[in-house]
Amino acid sequence: MNKLFLPVLFLLGMLNFQSSAQIEVSNLKSEHLQNPIGIDETHPRFTWQLESEKPGSFQKAFQLAVGTEETEVASGKGNIWESGTVHSSVIPGVYNGPELQPFTRYFWSVRIQDEAGNWTDWSPVAFFETGMMEMANWKGKWITDTHDYDVKPAPYFRKEFNAGKKIASARAYIAVAGLYELSINGQRIGDHRLDPTYTRFDRRNLCVTYDVTENLQQGENAIGVLLGNGWYNHQSTAVWFFDQAPWRARPKFCMDLRITYSDGSVETISTGQDWQTAFSPVIFNSIYTAEHYDARLEQPGWDKPGFKAEGWKNATNTGAPSQNIVAQALHPIRNVTEIPAVEMKKQGENKWLFDFGRNMAGVTHMKVSGPEGTTIRLKHVERLDSAGRADMSNIDVHYRPTDDSDPFQTDIFILSGKGEDEFMPRFNYKGFQYVEVTSDQPLELTKENLTAYFMHSGVPPVGKIHSSNNTLNKIWEAANASYLSNLFGFPTDCPQREKNGWTGDAHIAIETGLYNYDGITVYEKWLDDHRDEQQPNGVLPAIIPTSGWGYHWANGPDWTSTIAIIPWNIYLFYGDSRILEQNYDNIKRYVDYIDENYPSGITDWGLGDWVPVKSVTPKEFTSSAYYYVDAVILSKAAKILGKQSDSEKYKALAEKIKTAVNEKYLDRETGMYGSGLQTELSVALHWGLVPDELREKVAENLAKRVEADNKHIDVGLLGTKTILNALSENGYPELAWEVASQETFPSWGWWIVNGATTFYENWPLDASRDISMNHIMFGEINAWYYKALGGIFPDEKEPGFKNVMLKPNFVPGLEHFEASHDGPYGTIVSSWKKQRREVEYTIEIPANSTATLVLNEGKIQESGKPIDKNELIEIAERKDGKVVLKLKSGKYSFSIN
């Protein structure tokens, strides 16, 4: 070889090495979770992100390796499956190898080819672990302690066993009808609360898996399980009749503890009649009201080896609640934030009021010493009356107690007299800011005796907003607090008086949820609940899950369009079509039902624009609009899934509905819908009912109506979704901001300046009904901040923020605004600040993404240079006073005059 050629080869090799080293692959997840165990998905999805300082970096192709040997997978060798080169820049990748085996840990790694054709190193190794995979692999029996579901005390269960050899690994698989806490050798396992999450128990039960290798020991071991009622055995009585649920029974569970020894042998400790059971100190528990605990009944060591189980009896075998146990694969409920009391006031000889400074969902934890038998009541409320006393009249309206033994949101704690006693409810949560503590005997209390825990599904935060307007910042925080307060394995309406999975509240708040939190796992689970609850004819109930209530009232397309709207938004935000695949037939059955029963294209089936400020929009108009939305989504989903004939069929149906609505409600001469109310005009604009040639006229009518309403909202629930979006998306962003930033009644700011830390259920502070103080249903404004002010939108053509749509509005009266969102490909930042007559606009687009930026025409520079001098920017269009720019990944600093 020519010696002069060797340095050239060396240099080329170094260039190739440097190029590939500029990109790192990180944030590996399977099934949208980091290293999940116990899953039963047969074709797991894999996601990852690229990290690169080089602008314009993207993925041309990828390779996946899956195997059971970690060291081999680290070098790209998968003894189970190798994907080969997949020429795609899109995630997720999907496992398509041999059938996965149960009880197996699979390691996986990925490498990508960059835009220059260079391959990265193989990523750090991640793993997923399969669980049961199918029902036939369960060994345990379902057990309980009695068949009498009126028995109040919660049962303990225990099992001792000998692990005779050295333990290599161990997994606990537990499925429960009701709720549970699991312990091994005296130590509680995991930090989940209210597990398993609520399902339709007679159709689907969830299994939770724990790695308990470190909790076991060679020799004697003991397993302890405490069961709670949850929604399975609802002993409290309220208007939704959960106490009459068709599945109702005494809590029961099935468990397999699968131990793999170092010699490769496997032993499974399973539930059966050889387990022992007795009552616990939890003498009453209700997910709806509260929990009662008698510390005198504690049995120290009950879940440890060698405990003398005197008076305990054998467990009872019982029937399975359903024949369908599946893995719980979601971010679990946790005690997420510890909140100390900000103030304690003594209000009587044996009465104290604790103030935690903010409204929340959760529980309180008490530590206190007192005489044996002292009975303490902890009454949790959201507000105080005019005398400063605890007032629960706004939240106990749907409770129908049969006696005084189960006071609403009031825990009862009986002291042992043996030093300091502790109590925190295990199987309940509440909505509250204040706790009134009363005792039947004198006690010495300080504000340190009681601590609160904000509980919710532990979804990771993925969005952040900050601005120069303090009320805006507080509205964003209050909306998030309400959203999380109503996320308990499914989205709820309020954490105190109902705790129901109201469908309308949830689809109105879906974008607020997804801009701020990584919620896909919770929503996928909730759509499983939808499929469980859907009747054969396609009808869904208004609350999901349900014991049967809600099929007769409050359902209809304005509420139960969750079946279409939520899968569609998950697809837009994650670029993952699986939720559309899973629910496609259900959306179709739902739309077909409406089509069959309302062949004109107009339907009045629904609840309407719930809790309006003053003007009432016809229910027929809003229900028909949502029917149109469902048909449009179904047509689009069919096209994505390759169902072309369905796509055309439902596109035609959507056009039929649109025509019918416009023929009945639209005055084409004036561009007015119905009576010209804010909800009527904004719903038509936002959901695409307005003919293109009339959009400008209808938007002008909306603007005039808002101005006539003194630039305040006059809408109900459905209108809050559309009013701000319709204005800002149709030429009136400044007016939308004026409405959004109001601090006088009625407005979101009105709540904030009057001390709200969460969103309310009604606009007036002194409303006579619908007055929960922790509702998310009016929460769309939070998502609107991201969209209208930050300008961040998913692109339907390249979903999952593969291409980011950026359409910011630099509105008068706001000096600075910043929004960030961690999408599937990485962090998106849209931040602007006004400097005299100039706007400084900063953007970050993650690697393997692009952006479409829409700005008003003017003098626009990037890093001090004209935009046409930047090779990362393409001027795609100039039209109607707008300039459309295509941006590659990277960081940009625009100055705009």
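Here the structure is shown first, and the text comes after it.
No experiment lies behind these values; they were computed from the predicted model shown. (Residues numbered from 1 in each chain as written. Predicted model: local features only at pLDDT ≥ 70, side-chain atom pairs only at ≥ 80, totals over all residues. Heavy atoms only, no water.)

## Concerning the overall build of the protein
Looking only at helices and strands, one finds 17 helices and 45 strands in the protein. Relative to the globule expectation of 29 Å for 897 residues, the C-alpha radius of gyration of the protein, 29 Å, shows essentially globular dimensions. Considering only intrachain contacts with a sequence separation of at least 6, the fraction spanning at least 24 residues in the protein is 75%. Accessible surface, the protein: about 33700 Å² in total, of which carbon and sulfur atoms supply 47%. (Helix = DSSP H or I, 4+ residues; strand = E, 2+ residues; numbered from the N terminus. Rg over C-alpha atoms; globule rule 2.2 N^0.38 Å. Contact = heavy atoms within 4.5 Å. Areas by Shrake-Rupley, 256 points an atom, 1.4 Å probe, with all protein chains shown as cover.)

## Things to note about the environment of Ser393
Tracing the sequence through the fold places Ser393 in the loop between strand 29 (390–391) and strand 30 (410–414). Along the backbone, Ser393 and Arg383 are 10 residues apart, and their C-alpha atoms lie at a distance of 9.1 Å. Polar contacts involving the side chain of Ser393 include one to the side chain of Arg383, which spans 3.0 Å. (Polar contact = N/O pair within 3.5 Å; in protein donor to acceptor, adjacent residues only side chain to side chain.)

## Considerations on the packing of aromatic side chains
Aromatic rings considered in pairs are described by the distance between their centres and by the relative angle of their planes. The tally for this structure, following the rule as stated, stands at 52 aromatic pairs. Ring centres 6.2 Å apart and planes at 70° place the aromatic pair Trp549 and Trp553 in the edge-to-face group. Exposure remark for Trp549: the relative accessible area of 14% places this residue in the buried category. Classification of Trp553 as partly exposed rests on a relative accessible area of 40%. Feature note: the residues Tyr198, Phe201, Trp231, Tyr232, Phe242, Trp247 and Phe490 constitute an aromatic cluster, connected by ring pairs. Above the ring of Tyr429, the side-chain terminus of Lys499 is found at 4.8 Å from the ring centroid. (Phe/Tyr/Trp six-rings, centres within 6.5 Å; stacked < 30°, edge-to-face > 60°. Buried < 20%, exposed > 50% of the residue type's maximum accessible area, 1.4 Å probe, protein only. Lys NZ or Arg CZ within 6 Å of the ring centre and 35° of its normal.)

## Examining the pattern of salt bridges
For the structure on display, the rule yields 50 salt bridges. Residue Lys704 pairs with Glu700 through a salt bridge whose shortest N-O separation is 3.3 Å. Highlighted residues: Lys704 and Glu700, both in helix 13 (residues 695–708), separated by four residues, approximately one helical turn. On the accessibility criterion, Lys704 (48% relative accessible area) is partly exposed. Given a relative accessible area of 34%, Glu700 falls into the partly exposed group. In this structure, Arg878 engages Glu857 in a salt bridge whose closest nitrogen and oxygen atoms are separated by 2.8 Å. Of the two residues, Arg878 is situated in strand 44 (residues 873–879) and Glu857 in the loop between strand 41 (838–856) and strand 42 (860–862); the sequence distance between them amounts to 21 residues. Looking at Arg878, the relative accessible area reads 49%, which means it is partly exposed. (Salt bridge = Lys/Arg side-chain N within 4 Å of Asp/Glu carboxyl O.)

## A few points about the sheet that holds strand 21 (residues 313–314)
Pairing in this open sheet of six strands is antiparallel, and the strands run 13-12-15-10-18-21 from one edge to the other. A strand with exactly one partner marks an edge of an open sheet, and here the two such strands are strand 13 (187–188) and strand 21. As paired strands, strand 18 (residues 276–279) and strand 21 are joined by two bridges and run antiparallel to one another. When the sheet's bridge partners are listed, Gln276 is paired in strand 21 with Asn314. (Pairing = 2+ DSSP bridges.)

## Things to note about helix 14 (residues 717–728)
Given 3.6 residues to a turn, an α-helix orients residues that are three or four positions apart in the same direction. By the criterion of burial, helix 14 is predominantly enclosed, with 12 of the 12 residues buried. Those residues of helix 14 that sit buried are Leu717, Leu718, Gly719, Thr720, Lys721, Thr722, Ile723, Leu724, Asn725, Ala726, Leu727 and Ser728.

## A closer look at the pairing of strand 27 (residues 375–381)
Across five bridges, strand 27 lies against strand 30 in antiparallel orientation. The residue bridging Arg377 from the neighbouring strand is Ile412, located in strand 30.

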